[in-house]
There are 4 protein chains.
Amino acid sequence: MREVGIGLVGAGFMGRVHANAWRQSPLFFNLKCRPTLAAVAGGHASESSEFAAKWGVLKPSQSWERLIKDPQVGLVDVCVPNYLHAEISIAALKAGKHVACEKPLANTITDARDMALAALGAKKGVRTFVWFNYRRCAAVSLMRELIQQGRLGRIRHIRAQYLQDWGRASTPHSWRFDSKLAGSGAHGDLNAHLIDMARFVTGDEIVEVCGAMEAQFIQERAVVTASSKRLGLGAQKSKRGAKRQACTVDDAFLFLARMHNGTVASFEASRMATGNKNANHMEVNGEFGSVKFDFERMNELQWWDDTLPAREQGWSRILCTDPSHPYIDHYWPPGHVLGYEHGFISMAADICAVLAGGEPEQPLADFVDAYRTQQVLEAAMISARERCWMRTDAI
Amino acid sequence: MREVGIGLVGAGFMGRVHANAWRQSPLFFNLKCRPTLAAVAGGHASESSEFAAKWGVLKPSQSWERLIKDPQVGLVDVCVPNYLHAEISIAALKAGKHVACEKPLANTITDARDMALAALGAKKGVRTFVWFNYRRCAAVSLMRELIQQGRLGRIRHIRAQYLQDWGRASTPHSWRFDSKLAGSGAHGDLNAHLIDMARFVTGDEIVEVCGAMEAQFIQERAVVTASSKRLGLGAQKSKRGAKRQACTVDDAFLFLARMHNGTVASFEASRMATGNKNANHMEVNGEFGSVKFDFERMNELQWWDDTLPAREQGWSRILCTDPSHPYIDHYWPPGHVLGYEHGFISMAADICAVLAGGEPEQPLADFVDAYRTQQVLEAAMISARERCWMRTDAI
Amino acid sequence: MREVGIGLVGAGFMGRVHANAWRQSPLFFNLKCRPTLAAVAGGHASESSEFAAKWGVLKPSQSWERLIKDPQVGLVDVCVPNYLHAEISIAALKAGKHVACEKPLANTITDARDMALAALGAKKGVRTFVWFNYRRCAAVSLMRELIQQGRLGRIRHIRAQYLQDWGRASTPHSWRFDSKLAGSGAHGDLNAHLIDMARFVTGDEIVEVCGAMEAQFIQERAVVTASSKRLGLGAQKSKRGAKRQACTVDDAFLFLARMHNGTVASFEASRMATGNKNANHMEVNGEFGSVKFDFERMNELQWWDDTLPAREQGWSRILCTDPSHPYIDHYWPPGHVLGYEHGFISMAADICAVLAGGEPEQPLADFVDAYRTQQVLEAAMISARERCWMRTDAI
Amino acid sequence: MREVGIGLVGAGFMGRVHANAWRQSPLFFNLKCRPTLAAVAGGHASESSEFAAKWGVLKPSQSWERLIKDPQVGLVDVCVPNYLHAEISIAALKAGKHVACEKPLANTITDARDMALAALGAKKGVRTFVWFNYRRCAAVSLMRELIQQGRLGRIRHIRAQYLQDWGRASTPHSWRFDSKLAGSGAHGDLNAHLIDMARFVTGDEIVEVCGAMEAQFIQERAVVTASSKRLGLGAQKSKRGAKRQACTVDDAFLFLARMHNGTVASFEASRMATGNKNANHMEVNGEFGSVKFDFERMNELQWWDDTLPAREQGWSRILCTDPSHPYIDHYWPPGHVLGYEHGFISMAADICAVLAGGEPEQPLADFVDAYRTQQVLEAAMISARERCWMRTDAI
């Protein structure tokens, strides 16, 4: 059996999610190419060592620069803040390594274009991937299959909202509120997922942004220093005069769009939609049927079949845990539901399938594909700032 | 157009519900026999007069005895406490009047039998009806149609619960807590509905009660006198030493049963199921499909079609407001939902259809039919008290 | 007791809804001013006569011009297609009659302005009302109360969608698809409700439309003639060569907006959102809490209280049938749910309260208030067509 | 760090679930005692070898008898069919090993008693555990905490149903349909979970079974031989004359019960409740509040707080993914939901905590505790067969 050494760049939340995915995928899938956790490069040496020990990574790396040159590393998995994606990914590609990069592809359209070009210019056989994990929820994959099989007919509407509420005023400052590091706020973080999902399930492209609006509700946030953390002082508790830092990203971002086939789409991302924790919602209405998804109930797809007799039409809550549902036969019996991490495990398996020369169960996004998503993000940003409509092919 | 004069006996909550139904039915249905509110007999004269003035009843009656002799009254509508059902209904039948009686048919099996016999012995053409209003929820009627059309195949399970929570300790005493007046507590009041619905939707009969349990959680309750009411004193606020009266009925009653065709059924009624207001639930599982209903979402039927491809099976939430749904074409357009009172309006219309010599849209319960429901109530009562199984044909 | 004679102009679906509301309101509310159905003017004489006979209207009128001069008519209730609203309402106001007009106020901003001016210029004591019935759903009123009491804190987001699906391609042509008669399609019909609700629940005003998009999916529809109707031929069945007529209104209309207090709002109306029958949705997110409403479950309000301990926070499904909920003490006990028509009944009662010199239980929209809603509709229309942002005070 | 060698007896579905749990627990919990997969004994040698290779078990064992003597094995994890639980567990205890046994404890009350006695008689420090995994759903643990903190007051009702539908007529025969191997059908398999959960969340004991009923809908099933499997022939497709085997267990089992504190409880288990995949439902109603759980939405707890103002009371859908919810701080951020396997991972971690001399986050069931659950199963079985009530202390 072929093996591919995974080199993780990033040892934070996403690093753990990815490490778990690489470890679990061979246990649940019959892989033709087996991933091994070859190396990890965290923010500093101790972080890398601890992470390596915990997650069974063969070795900590002193830096991502070293890691990408490590001959045991065949695929560089980039899960650091967005502003670093381009530099690391391009260097890895130049070193002839496959790259799997977290979303959004980049903070700027320029970076994203450079990455796509680097992917196109890479050595033959070198592959790129972007971690749009929600594609691999059984319910989202099923949504795509129903649409691709024509069960919805022509698509009229997409209604997409990714709502969270952790951005409340009391949340302390972090890199995510700094436009230099994060590029944007909810827009790049959450709308990137929605745009990718809309493209994935329909197979159609967004051609024009028809109005957009960004909102920033909180202008500055408390800085929680290492010492105040040690003292157990959160942002709220810190004494008057505590340092505060300006926020420079959107808290919410909405836009309207038109797709090539005439679909009317709306997108909204927010970190201040109280009561919504990870509510990645999408509804698609077609001529013959409709589908709805909400990640907070990720095992379910709502399906409306308009070809049934009127008396029997209804929103059918499909519990996507049947062996006939995408990816499910790899896991547990019907009704034994899956969680957040399984989308990553299935994606790791699909990546391995591709690296072994096979096909993924569902299409994967590579850098070129993710660049199209980035174009939409960019067109929306311009639309909001210029108060105009914006064609995506003008990006 | 023929007219039928309605004589209401009872001017309380149920009196209002029925008066409304008689008034509304001709506005929404093309009736061949038009109901008019001919007379009303409440608890005392002023109540009758006020009710008559408000609801457009032609005249208040001094007593139910007078009312049933009134030549303008063609149908006596009995909506007084249960212990009076038999006396009034039988007298009305003897007077040659149609009778529509509130459920449960009676407090005792003896009374119920007398009523059924009186119905059988009534003058030719005299009809009886029992207000099992839930039969006329579009969703319940649809449940019946799907089962009758064989869409569920053989029925395996019925799971029926009627849950309310107004019986909390602070609720003052009333006739409903006195076994002499009410017969039983939740059992007769709520299980009567469930038993009727189970029989209605399946067309099958309960042959044996296989275990039953009654529970009384609250032993006595405050008596709220007229004077304490005037002073605005509720049960909770009344001073120490306030009179309290023993409760002599069940607060909850559960039983298991077997139906003729082998269906396994469970029933539960409670007034102390905190958080449930009027949760009349029923789930039916068959070989080829299942249905679920909850009155708190009375416009919806949950339908599972097990003959669909596994990938598309789900609990389908049918919003029963399409013209193809039972009774709906008489009311509003799709999505314009109905309420509690519409079951009564549709039942009033069905009664009028029968009185005009036609067929109701859905079967109605008469006294003989309701007697079968009463037999089950009685068998369950005996089962609970004797701690044994009890065949209903032994009643 | 004072009486007010109602003169209905329009005898279609909305005429029935209003007639029912005027008839029912005195049965459920203690009114200081009693409505009587004095006259009705339908499309032609026979329609008026039949309607009058069915609904107990004192007399059919030959024309609306006659009706508004009828001394027995105190309030003219306008429920005809939008393009007639202005002429009839203004004439009625000039005749010194109160006017209750269906929504949207008018087809054009000019008409709407004329109506508002006519209302301002009417004889002292003459009142105007616009039938924004959803304000009187208990859940919508409760939404408003929670917001007004500060329970949500500063409002960040409004997410409003009014989705229907009757506009499918097979639906025949009607006045609703003709811009001359209907003004617009889903926009005026459905967004009018959403804008009014957003203004009602927040007490805030929309100051700017920040992008808008209209879509027309179906370009022409079959004309169903009276003769094809008689033959039982629907639009789909009519033979080739059957007459088809161009549609000149939007099927869907979306826009983004900003409110005075900084709230970010999105609006969407569609007649082609398959699976949605009358899905009037609204979600409002505030600093301290959120609320959600969906008319298809009109008895329920979803409420998130962010001030509870995190462990107990959840979307609470409030079944708005408690006597403590708006309007409920006039109807049935807890759990005995209401339907579509009850919003109109409660509104009729509130109108009577105002006419008797009292206060409505919840604020009513008059022509001046509805004109503000119309300004937003107009600003959105311009935004969509000019592809720009549009301040509402520029209308 | 201490290590404990896990010896898995069983390499089927449950073997995989447990192996995964032991592997994952150290990655998500800070364990004081680290589990290692020391040995596995499957049905035959090749199964054990393949399992060991896949799941990283140090060595396959030739037999469970060898495995329990293996000095590297500190805990024997029993996940074979029920009829083998007693023999293996008792032998392991005698060998001085900790034992973690799948539920139900045993097929017969005699076996269960022997197991409990063996546990009590084991060497000091030797511990037993039973895999009642649902205790460790965050929602179920939260249910327990709310009840234990008195938030529900006195408990009135428990309504417990564990519904599946895989027992349809077309399902081929297996050990689960043979009473010699499985003991009972849905009863032991599913009611065992419900009884344990009822005891766990309330801390109360069932004192009497007040009626019970078992049902067997399918009398015989096709035998799918290894060769027909190879040919891709399922039970349905196999040719006429294919061997069929009698089923000797219940398909559904219902019973009513009373708990020590007066709670009225109902239990139902079924494998033929069409549309229910793994619907482990429980509702508990108390004086001051209620809770509801359904495993198909395992990340959610429905909570009713009856002490809130009536206007704000509702069924609150708590998404149990906040760090303040039981076990959640070990996994992902809010809204990043968990799945079926996480209950096992958390249980493995709790077992390790106990083995290291600490406390589990939530109470664990040992053999003595599980024996109480078995007494209830037995009392219910007798009640159903004798058609009488049955005290559990008479077992």
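Because the structure is a prediction, the values reported are computed rather than measured.

1. What to know about the overall build of chain A
Counting its regular elements, chain A contains eleven helices and 17 strands. For 395 residues, the compact-globule formula gives about 21 Å, and the C-alpha radius of gyration of chain A, at 21 Å, lands near that figure. Across its three principal axes, chain A shows a C-alpha extent of roughly 65 × 60 × 40 Å. Relative to its full complement of 395 residues, chain A shows a buried share of 62%.

2. Observations concerning the interface of chain D and chain B
Interfaces are frequently sized by the accessible area removed from exposure as the parts join. Each side of the interface is counted separately: chain D has 29 residues, and chain B has 29 residues. At the level of secondary structure, the elements contributing two or more residues to the side of chain D that touches chain B comprise β7 (155–163), β8 (206–215), β11 (252–259), β12 (264–270), β13 (279–286) and β14 (289–294) of chain D. The element that contributes the greatest number of residues to the side of chain D that touches chain B is β8(D), accounting for five residues. Taken together, the residues of the side of chain D that touches chain B break down into 15 nonpolar, ten polar and four charged.

3. Thoughts on helix α1 (residues 13–28) of chain B
Residue and element names in this part refer to chain B. Here α1 contains 16 residues, and its C-alpha end-to-end distance of 23 Å stays within 8% of the 22 Å for a straight helix at 1.5 Å per residue. With twelve of 16 residues buried, α1 is to be regarded as a mostly interior element. For α1, the set of buried residues is Gly15, Arg16, Val17, His18, Ala19, Ala21, Trp22, Arg23, Gln24, Ser25, Pro26 and Phe28. Taken together, the buried residues of α1 touch β1 (2–9), β2 (33–41), α2 (45–55), β4 (75–78) and α10 (340–355).

4. Considering helix α5 (residues 109–120) of chain A
End to end, α5(A) covers 16 Å across twelve residues, agreeing with the expected 16 Å (1.5 Å per residue, within 8%). Check the buried side of α5(A) and you find it contacts α4 (85–94), β6 (128–130) and α11 (367–386) of chain A.

5. Points about the pairing of strand β16 (residues 315–319) of chain A
Buried residues dominate β16(A), accounting for five of its five residues. Side chains A:Trp315, A:Arg317 and A:Leu319 of β16(A) all project onto a buried face; the interleaved residues A:Ser316 and A:Ile318 project onto the opposite face, where all are buried too.

6. As for the relation of the copies chain D and chain B
For the pair chain D and chain B, the relating rotation is 180°, the translation along its axis is 0.0 Å, and the fit reaches an RMSD of 0.0 Å. The transformation relating the two chain copies, once decomposed into turn and shift, fits a two-fold axis. No C-alpha of chain D lies nearer the rotation axis than that of D:Gly211, which sits 2.0 Å from it. Both copies present the same face, since 100% of the interface residues in chain D are matched by interface residues at the equivalent positions in chain B.

7. Focus on the interface of chain C and chain A
Contacts between chain C and chain A engage 29 residues on the former and 29 residues on the latter. Counting only elements with at least two residues in the side of chain C that touches chain A, the list comes to β7 (155–163), β8 (206–215), β11 (252–259), β12 (264–270), β13 (279–286) and β14 (289–294) of chain C. Looking at the side of chain C that touches chain A residue by residue, the class counts come to 15 nonpolar, ten polar and four charged.

8. Quick word on the relation of the copies chain C and chain A
Two copies of one chain are present, and they are related through a rotation about an axis combined with an axial shift. The transformation that overlays chain C on chain A combines an axial shift of 0.0 Å with a rotation of 180°, and the residual RMSD is 0.0 Å. By residue overlap, the copies meet face to face through one surface: 100% of the interface positions of chain C are interface positions in chain A.

9. So, the sheet that holds β2(B)
All names here are of chain B. Read across the sheet, six strands follow the order β3-β2-β1-β4-β5-β6 without closing on themselves; strand pairing throughout is parallel. Two strands close off the open sheet at either side, each with one partner strand: β3 (59–60) and β6 (128–130). In this sheet, β4 lies alongside β1 in parallel orientation, the contact comprising four bridges. In the strand pairing of β4, Leu8 is matched with Asp77. Strand contacts of helix α4 (residues 85–94): β1, β4 and β5 (98–101), with the helix running at about 160° to β5, the strand carrying the most contacts.

10. Things to note about the sheet that holds strand β5 (residues 98–101) of chain D
Residues and elements named next belong to chain D. Reading across the sheet, the six strands line up as β3-β2-β1-β4-β5-β6 and stay open at both edges, with parallel pairing between neighbours. The open sheet has two edge strands with one neighbour each: β3 (59–60) and β6 (128–130). As judged from the three bridges shared by β5 and β6, these two strands associate in the parallel manner. Paired with Cys101 across the strands is Val130, a residue of β6. Most of the contacts of helix α4 (residues 85–94) go to β5, to which it runs at about 160°, and overall it touches β1 (2–9), β4 (75–78) and β5.

11. Focus on the domain arrangement of chain A
All names here are of chain A. For chain A, the assigned domains read domain 1 (2–130) and domain 2 (135–333 + 365–386). Domain 1 and domain 2 are separated by 24 Å when their C-alpha centres are compared. Contacts between domain 1 and domain 2 engage 22 residues on the former and 20 residues on the latter. Listed by contribution, the elements that provide at least two residues to the side of domain 1 that touches domain 2 are α5 and β6. The greatest single-element share of the side of domain 1 that touches domain 2, amounting to seven residues, is contributed by α5. For the side of domain 1 that touches domain 2, the class distribution of residues is 15 nonpolar, four polar and three charged.

12. Describing the nonpolar core
Note on soluble globular proteins: their nonpolar side chains tend to be buried together. Judged by nonpolar contacts, the single largest core of 536 residues is most densely connected at A:Met143, B:Met143, C:Met143 and D:Met143. In this structure, D:Met143 is in contact with D:Val201, D:Val284, D:Val291, D:Phe293 and D:Leu301, ignoring residues within four places of it in sequence.

13. What about the environment of A:Cys352?
All names here are of chain A. For Cys352, the location among the structural elements is in helix α10 (residues 340–355). According to the C-beta neighbour criterion, Cys352 is buried, with 25 such atoms within 10 Å. Once the C-alpha coordinates of Cys352 and Phe29 are considered, the two residues, 323 residues apart in sequence, prove to be 10.0 Å apart. If we ignore the near neighbours within four places in the chain, the residues touching Cys352 are Val4, Ser25, Leu31, Cys33 and Pro35.

14. What to know about the packing of helix α1 (residues 13–28) of chain A against α10(A)
What describes two packed helices is the angle between their axes and the distance between those same axes. All names here are of chain A. Remark: α1 packs on α10, axes separated minimally by 8 Å, with the N-to-C direction vectors making an angle of 65°. Between α1 and α10, the angle falls in the class roughly perpendicular. Seen from above, α1 lies across α10 with right-handed handedness. Facing Val17, His18, Asn20, Ala21, Trp22, Gln24, Ser25 and Phe28 of α1, the residues of α10 in contact are Glu341, Phe344, Ile345, Met347, Ala348, Ala349 and Cys352. For the contact of α1 with α10, the residue count by class is ten nonpolar, four polar and one charged.

Rules behind the numbers
- Residues numbered from 1 in each chain as written.
- Chains lettered and ligands numbered in written order.
- Predicted model: local features only at pLDDT ≥ 70, side-chain atom pairs only at ≥ 80, totals over all residues.
- Helix = DSSP H or I, 4+ residues; strand = E, 2+ residues; numbered from the N terminus.
- Rg over C-alpha atoms; globule rule 2.2 N^0.38 Å.
- Buried ≥ 20, exposed ≤ 12 C-beta atoms within 10 Å, placed from the backbone.
- Contact = placed C-beta atoms within 7 Å.
- Nonpolar A, V, L, I, M, F, W, Y, C, P; charged D, E, K, R; others polar.
- Expected span 1.5 Å × (residues − 1).
- Least-squares fit on C-alpha atoms with pLDDT ≥ 70 in both.
- Pairing = 2+ DSSP bridges.
- Axes fitted to C-alpha atoms, helices over the stretch in contact; angles between N-to-C directions.
- Domains from an automatic or database assignment.
- Core = buried A, V, L, I, M, F, W, Y, C linked by C-beta atoms within 7 Å.
- Parallel < 35°, antiparallel > 145°, perpendicular 65-115°, else oblique.
- Left-handed = near helix turned anticlockwise from the far one by under 90°.

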